[in-house]
Amino acid sequence: MKICVCIKHVPDTAANIKLAGEQGFEDSECKFVVNPYDEYGLEESVSLVEKNGGEVVVVTVGKEAATATIRSAMAMGAHRAILVKTEGQFLDSALTCKALKAAIEKDGTPDIIFTGKGSVDTEGFQTQYRLAAALGIPVVNEVSKLTVDGSKAVMERETGSGEREVVEMTLPGIIGATKGLNEPRYPKFPDIMKAKKKPIDVIPLSDLGIDEGAGKSVLVKLEATPERSGAKMLEGSVTEQVAQLVKILKEEEKVI
Amino acid sequence: MAKTGVLIELGDGKVKETNFGVLTAARGASGDNEVCAFVMNADAEAIKSELSAYGASKIVNITSSGDLGASPDLQAASLAAAAKEYGLDALLGLFSATGRDIFARVAAIMDEPMISDCISVDIDGKTGVKSHFSGKTFATIKLDCGIMLATVRPNAIEPAEASVDAEVISFSPSVENNSTVKIIEVKKGGTEKLDLTEAPVIVTGGRAIKASENYKMLEECAALLGAAVGASRAAVDAGYAPHSMQVGQTGKTVSPKLYIACGVSGAVQHFAGMKTSKIIVGINTDKDAPIFAKCDYGIVGDIFEVVPALTEALR
Ligand SMILES: Cc1cc2nc3c(=O)[nH]c(=O)nc-3n(C[C@H](O)[C@H](O)[C@H](O)COP(=O)(O)OP(=O)(O)OC[C@H]3O[C@@H](n4cnc5c(N)ncnc54)[C@H](O)[C@@H]3O)c2cc1C
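Owing to the predicted nature of the structure, the values given are computational and were not obtained by experimental measurement. (Residues numbered from 1 in each chain as written. Chains lettered and ligands numbered in written order. Predicted model: local features only at pLDDT ≥ 70, side-chain atom pairs only at ≥ 80, totals over all residues. Heavy atoms only, no water.)

With respect to the pairing of strand 16 (residues 279-284) of chain B
All names here are of chain B. The element strand 16 is largely enclosed, with a buried count of 6 among its 6 residues. Residues Ile 279, Val 281 and Ile 283 point to one face of strand 16 and Ile 280, Gly 282 and Asn 284 to the other, with burial holding for every one of them. Note: strand 15 (residues 258-262) against strand 16, 5 bridges, orientation parallel. When the bridges of strand 16 are listed, Ile 260 appears paired with Val 281. Across 4 bridges, strand 16 lies against strand 17 (residues 297-300) in parallel orientation. Bridging from a neighbouring strand, Asn 284 pairs with Val 300 of strand 17. (Buried < 20%, exposed > 50% of the residue type's maximum accessible area, 1.4 Å probe, protein only. Helix = DSSP H or I, 4+ residues; strand = E, 2+ residues; numbered from the N terminus. Pairing = 2+ DSSP bridges.)

What follows is the structure in structure tokens.
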């Protein structure tokens, strides 16, 4: 069984994002990690291969610095990796899809491709769907439960207030993972050491005939979210504070 | 004047409240866009007046010979066909579990760029504003497109009525569907509670709630506010609440007009999921809790005293 897992190199969600210019941020100053949702896909890939044999190939589209993130994915059990190297900070989902497709096809089509449900940096929620359409295979996203039975995958996805859909598709296919699917493992020291020796095939994006500037979804401006300047603290006894709050919410803010 | 389509989401045959903000956005800055509302295999006559009250002049009921409900790919292909048939300049929907799934499929089929989870959209400018980096930044994205595809964060755009005359049309596209993706069962959540992402008001209990049965206290308060009840990850991890109630980066992203955080410290990952709420109220025993630096109104106090008092005051 061959499994590809698409992993994005993203800033840690706890990291401070310092803006640089109109359309970028200081990426040399913040900690990067495996996109948290991709981690569920990675864990699932590794445990499926532990059970059934085969190999797990990480496919990443990103800057050179992504090799550090790829190493941590390898420490979790991936066998080898392909990095399609970009120069810029943001690549739109259609171009990312082209890059992933070219890299995956060059390597040989896998039985399953895992992704996360979305990435925590640009929050686009679409690359896996574009990849599925481009490869002509099915996709199910936001999967929190999975059973693989031969060439069939049966999955669950949460759709509302606790409501879940049971969905099936034939493999090869793409599965977008989310919380609930598994508990990603913490790599042990020997695994971290072993990961350093695993092969990473680096392919510049331009070698795949993709023009980094051709994106049709263009980031015009990146700005800090307006922050609240601190709460108006209510005073008095509990009853007084609550009475004030209700009055404000009704009369001033008109939200209740 | 642009021609804009909106995919309407129904719950038990009724139009979900969150659609009205999307219809409002679809009318555009000038308010004179022609708006087509799309529904799938629905009783379009029954919901006509509700949709036309928000400016939809065409209610298009998409029907199909195949089982639309069981095939997200058939829904997407049908919607893409409808977008072409009606010559749309833009197609909007909700960034809900269903909406984002269908729209991503539509974008892939049409090979058009798309903006997900917008907090505002400018149809003429083909731009949208959305969160990047878990709500820490806003990105303005411009599309170089044939049709503008965008999903809107539920409740992010304030609905405004603008009644028009409407006609109901039936559209049966002939689309090929050989997708193997099939919904074989829908498991109900057991409760008929309002989904967090759709709720206009949310009362959330954090780790301080201490036990699952204590959520009853929040539910009583929520019932008077027409609110849904949420939880922090710490509360979910401790087993006090199911993951479906979790707000935040690894839970739901919500944008209600009022968010009351009870015994929540205010971690960035929690804020990632509720930062775009209109008004945020924090209740916490610790006057230095980070939440007070990031919310609109704060009460320093014990939730087990403050919440019952609030419930009383609302009665
Ligand atoms: C990758 C990642 C993803 C994450 N995703 C999420 C997410 O989706 N959602 C989320 O919420 N968190 C998420 N977190 C966790 C987040 O960092 C915090 O740990 C979490 O939000 C804390 O929850 P809390 O505020 O309920 O608990 P705590 O931080 O423990 O805060 C409890 C608060 O309650 C107050 N308190 C205690 N007793 C009382 C009382 N009787 N009355 C009033 N106040 C009281 C305390 O003063 C304290 O401020 C994530 C973390 C990571 C690393």
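Section: the site of the ligand
Neighbouring the ligand are 25 residues; Arg 207, Ser 232, Thr 250, Ser 265 and Asn 284 of chain B lie closest to it. Surrounding the ligand is a set of residues that belongs to chains A and B. Side-chain polar atom of Arg 207 of chain B to an oxygen atom of the ligand: 2.5 Å apart, as the coordinates give it. Between Arg 233 of chain B and the ligand, the recorded distance is 2.9 Å, taken from a backbone N or O atom to an oxygen atom. For the ligand, whose unbound accessible area comes to 980 Å², protein coverage reaches 76%. Secondary-structure elements contributing two or more residues to the shell around the ligand are helix 6 (233-237) and helix 7 (268-271) of chain B. (Near = heavy atom within 4 Å. Polar contact = N/O pair within 3.5 Å; in protein donor to acceptor, adjacent residues only side chain to side chain. Areas by Shrake-Rupley, 256 points an atom, 1.4 Å probe, with all protein chains shown as cover.)

Quick word on the environment of Val 186 of chain B
As for its position among the elements, Val 186 of chain B is in strand 12 (residues 182-187). When the C-alpha atoms of Val 186 of chain B and Ala 70 of chain B are compared, they prove to be 9.8 Å apart, with 116 residues separating the residues in sequence. Ignoring sequence-local partners within four residues, the contact set of Val 186 of chain B consists of Glu 163, Arg 164 and Glu 165 of chain A. (Contact = heavy atoms within 4.5 Å.)

Things to note about the domain arrangement of chain A
Under the domain assignment used here, chain A contains domain 1 (2-208) and domain 2 (226-256). For domain 1 of chain A versus domain 2 of chain A, the distance between C-alpha centres works out to 44 Å. (Domains from an automatic or database assignment.)

Looking at the sheet that holds strand 10 (residues 152-158) of chain A
Taken in spatial order, the 10 strands make up an open sheet running 13(A)-7(A)-6(A)-1(A)-8(A)-12(A)-9(A)-10(A)-11(A)-12(B), and their pairing is mixed. Among the strands making up the open sheet, the edge pair consists of strand 13 (200-204) of chain A together with strand 12 of chain B. Taking the axes of each pair of neighbouring strands and ignoring which way they run, one obtains an average angle of 30° across the sheet. Bridging between strand 1 (residues 2-6) of chain A and strand 8 (residues 112-116) of chain A involves 3 bridges; their strand directions are parallel. (Axes fitted to C-alpha atoms, helices over the stretch in contact; angles between N-to-C directions.)

Quick look at the pairing of strand 9 (residues 137-143) of chain B
Within strand 9 of chain B, 6 of the 7 residues are buried, which leaves it mostly tucked inside the rest of the structure. Looking at chain direction, strand 14 (residues 217-224) of chain A and strand 9 of chain B are connected through 7 bridges and run antiparallel. The partner of Leu 222 of chain A across the bridge, within strand 9 of chain B, is Ala 139 of chain B. Relative to strand 9 of chain B, strand 8 (residues 127-132) of chain B runs antiparallel, the two being bridged by 6 bridges. Within strand 9 of chain B, the residue paired with Val 129 of chain B across the bridge is Thr 140 of chain B. Turn length for the strand 8 of chain B-strand 9 of chain B hairpin, with the two strands adjacent in sequence and antiparallel, is 4 residues, and the turn residue Phe 133 of chain B shows positive phi of about 55°.

What about the UniProt feature "domain: Electron transfer flavoprotein alpha/beta-subunit N-terminal" (unreviewed entry) in chain A?
The sites that carry the UniProt feature "domain: Electron transfer flavoprotein alpha/beta-subunit N-terminal" (unreviewed entry) are, in the present numbering, residues 22-212 of chain A. Annotated as residues 22-212 of chain A, this span is 30% helix and 31% strand, and its ends, taken at the C-alpha atoms, are 19 Å apart. (UniProt positions renumbered as here; feature names shortened; annotations may be inferred.)

Points about the interface of chain A and chain B
Between chain A and chain B, the residue contacts involve 74 residues of the former and 77 residues of the latter. In this assembly, chain A packs against chain B so that about 6,700 Å² is buried in total across both faces, 56% of it on carbon and sulfur atoms. For the pair chain A and chain B, the interface holds 7 salt bridges. On inspection of chain A and its partner chain B, the count reaches 44 residue pairs in polar contact (both at pLDDT 80 or more). (Buried area = accessible area lost by both parts, 1.4 Å probe. Salt bridge = Lys/Arg side-chain N within 4 Å of Asp/Glu carboxyl O.)

Notes on the side chain of Arg 157 of chain A
Here Arg 157 of chain A shows up in strand 10. Residue Arg 157 of chain A is classed as buried on the basis of its relative accessible area of 3%. Within polar-contact distance, the side chain of Arg 157 of chain A engages the backbone oxygen of Asn 141 of chain A at 3.1 Å. Excluding its chain neighbours within four sequence positions, the residues that come into contact with Arg 157 of chain A are Val 140, Asn 141, Glu 142, Ser 144, Glu 163, Arg 164, Glu 165 and Val 167 of chain A together with Ala 97 and Asp 101 of chain B.

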